[in-house]
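Descriptive structure summary
The lines below spell out each chain.
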Amino acid sequence: MRIAVVTWSNRRVGGIETYLDVATHLLADSGNDLAFWYETNSPTNRDLIWLPGNAKEWCVDELGADEALRKLRDWKPDLVYAHGLIDPGLEAEIPGIAPAVFFLHQYHGTCVSGGKTWKFPRVTPCTRTMGWPCLLHFYPHRCGGWHPLTMVDLFKTQSRRLNGLRGYGALVTHTEHMRTEYLKHGFAEERVTKIPFPVRDLTADDGVGSM
């Protein structure tokens, strides 16, 4: 199977990218052909996410969005495995290229600030469904910054992310909590699936361990 992994960076920046460093090994070990489509090759002081030597790679910063999308489309993937982009417009383009699965690592499109937390008068998890009433809570509960334009921009971005996710054929996550979050936002039960954590043998020669 041809699988295109789509994400924002090809560097091991944090948890998402550490996950991908394991997932690319496992996908390649299973006999799949891989391509890696990403927005930026930064931060350059971080290690690259592992890819097999025959994997295709395309960077939006280097090629431009239109050309990077064209190359991904011309490769004709059987499946796109998406993990979130900085640009919600690009993110919404991906499901039109091939059947696409989006992995829910965080509150993507379900919170204005992305933290899903009220910070005042005490730190409290937020259980609200994303929508315009969230704007009424943004300042009283210290959800994010103080500038009103920042609040509006964040709301527009997260709303676009949520709408873009509706174009993906399936959403997957590792926890029942995250699955419930997206069911609450109107996604059908059969479209949101909890899957096990990937595990790789600690004795593998390449040194990649388990998660």
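Turning to helix H7 (residues 176–184), a few remarks are in order. Within H7, the full set of buried residues consists of Met178, Arg179, Glu181 and Tyr182. Take H7 and look down its axis: the buried residues cluster within an arc of 155°, on one side only. Looking at the buried side of H7, the elements it contacts are helix H6 (148–165), strand S8 (170–173) and strand S9 (192–194). A positive backbone phi angle near 95° is found at Gly186, which sits one or two residues after H7.

Attention now goes to the pattern of salt bridges. Should their charged atoms come close, side chains of opposite charge can pair. Evaluation of the coordinates by the stated rule reveals nine salt bridges. The partner of Arg179 in a salt bridge is Glu176, and the shortest N-O contact between them spans 3.4 Å. Here the residue Arg179 and the residue Glu176 both occupy positions in helix H7, the gap between them amounting to three residues, near one helical turn. Classification of Arg179 by relative accessible area gives buried; the value is 15%. The closest approach of N and O atoms between Glu181 and Lys184, which form a salt bridge, is 3.7 Å.

Following the sequence through the fold, Val172 ends up in strand S8. C-alpha separation for the pair Val172 and Ile195, spaced 23 residues apart in sequence, amounts to 6.7 Å. When residues no more than four places from it in sequence are discounted, the contact partners of Val172 are Tyr81, Val101, Phe102, Phe103, Leu104, Thr193 and Ile195.

Of note, the amide linkage connecting Ser42 to Pro43 takes the cis form, showing an omega dihedral of 0°. Relative to the assigned elements, Pro43 resides in the loop between strand S2 (33–40) and strand S3 (56–59). In this structure, Pro121 follows Phe120 across a cis peptide bond, with omega equal to 5°. Within the secondary structure, Pro121 is located in the loop between strand S6 (117–118) and strand S7 (124–125). Positive phi values are uncommon outside glycine, yet Lys76 reaches one of about 55°. With respect to the helices and strands, the residue Lys76 is situated in the loop between helix H3 (65–75) and strand S4 (79–82). With relative accessibility at 61%, the residue Lys76 sits in the exposed group. If you check the backbone angles, Arg142 has positive phi at about 55° while not being a glycine. As for its position among the elements, Arg142 is in the loop between helix H5 (134–138) and H6.

Scoring rules and cut-offs
- Residues numbered from 1 in each chain as written.
- Predicted model: local features only at pLDDT ≥ 70, side-chain atom pairs only at ≥ 80, totals over all residues.
- Heavy atoms only, no water.
- Buried < 20%, exposed > 50% of the residue type's maximum accessible area, 1.4 Å probe, protein only.
- Helix = DSSP H or I, 4+ residues; strand = E, 2+ residues; numbered from the N terminus.
- Arc of directions from axis to C-beta.
- Contact = heavy atoms within 4.5 Å.
- Salt bridge = Lys/Arg side-chain N within 4 Å of Asp/Glu carboxyl O.

Such coordinate-based values are descriptive only and should not be taken to indicate function.
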